[in-house]
Amino acid sequence: MPQFAGGGSGIGQKAVEIVLAAALAGVGLLAVVEGRRLGNGWGFDGPEAGYFPFWVGLLLMFASLVNLAKALRAREEARLFVTWGRLFSVLQVLIPAIVYGAAIFLVGIYVASAALVLWFMRGIGGFSLRQAVPVAAALAVVAFLVFEVWFLVPLPKGPVEQALGF
């Protein structure tokens, strides 16, 4: 585990730059491939559908590869990007947010939102169930009324809403 100036330990900036540059180069490659699939030439009526994605993908790949080369040439892991404690704090929010996004498709947005609020109030805020459950339930009911009843905006629903006839 690398130690950094200032005595902290965690993930170094060099490692993050390498991973991010490689990931963005992959996104650029995907844009180039899709641009070619859609047609990246110039048609009789102007650019084809894949023209701009193709060129943006090439630019993204070039910039990412320049950053990757720069990061790989760096002599040592000199700067700390994030400490383990701060990374844990970020993951306490990021992981439930990812689960929330996936849960919307399984249980609907209202139940997933209530569960997310309940999780944050209990897990991070330290509120009791007696405090957190009414707030989470009220959030779901108010959101349902605002979007579904008043503004007539249909949002993803799950088995609970279907059982109630919505």
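Residues numbered from 1 in each chain as written. Predicted model: local features only at pLDDT ≥ 70, side-chain atom pairs only at ≥ 80, totals over all residues. Heavy atoms only, no water.

Participant: Residue-level account of helix 5 (residues 129-150), with values.
Facilitator: With 22 residues, helix 5 ought to run about 32 Å at 1.5 Å a step, and its terminal C-alpha atoms sit 30 Å apart, in line with that. Within the span of helix 5, buried status applies to Ala132, Ala136, Ala140, Phe144 and Glu148. Considering only its buried residues, helix 5 is in contact with helix 4 (109-124). Downstream of helix 5 by one or two residues, Leu152 has phi in the positive range, about 55°. (Helix = DSSP H or I, 4+ residues; strand = E, 2+ residues; numbered from the N terminus. Expected span 1.5 Å × (residues − 1). Buried < 20%, exposed > 50% of the residue type's maximum accessible area, 1.4 Å probe, protein only. Contact = heavy atoms within 4.5 Å.)

Participant: Could you give an account of the pattern of salt bridges, with specific residues and numbers?
Facilitator: All chains considered together, the criterion is met by 2 salt bridges. Salt-bridge contacts for Arg37 lead to Glu34; the nearest nitrogen and oxygen are separated by 2.8 Å. Residue Arg37 and its partner Glu34 are both found in helix 1 (residues 13-38); the two are separated by 3 residues, about one turn of the helix. You can call Arg37 exposed: its relative accessible area is 58%. Close ionic contact of Lys157 with Glu148 constitutes a salt bridge, the shortest N to O distance being 3.1 Å. Under the relative-accessibility criterion, Lys157 is labelled partly exposed at 28%. When its relative accessible area of 13% is taken as the criterion, Glu148 is described as buried. (Salt bridge = Lys/Arg side-chain N within 4 Å of Asp/Glu carboxyl O.)

Participant: Kindly report on unusual backbone geometry, identifying the contributing residues and their values.
Facilitator: Of note in the backbone geometry, Leu152 takes a positive phi value of approximately 55° without being a glycine. With respect to the helices and strands, the residue Leu152 is situated in the loop between helix 5 and helix 6 (159-163).

Participant: If you had to explain the packing of aromatic side chains to someone new, which residues and values would you point to?
Facilitator: Inspection of every chain in the model, using the stated rule, returns 5 aromatic pairs. Plain terms: the ring middles of Trp42 and Tyr51 are 5.3 Å apart, the flat faces sit at 80° to each other, and that makes the pair edge-to-face. With a relative accessible area of 59%, Trp42 lands in the exposed category. For the ring pair Tyr51 and Phe52, a centre distance of 5.2 Å and an interplane angle of 90° mean the geometry is edge-to-face. On the basis of relative accessible area, Tyr51 is assigned to the partly exposed category, the value being 23%. Among the residues examined, Phe52 registers a relative accessible area of 54% and is labelled exposed. (Phe/Tyr/Trp six-rings, centres within 6.5 Å; stacked < 30°, edge-to-face > 60°.)

The values are spatial; any link to function lies outside them.
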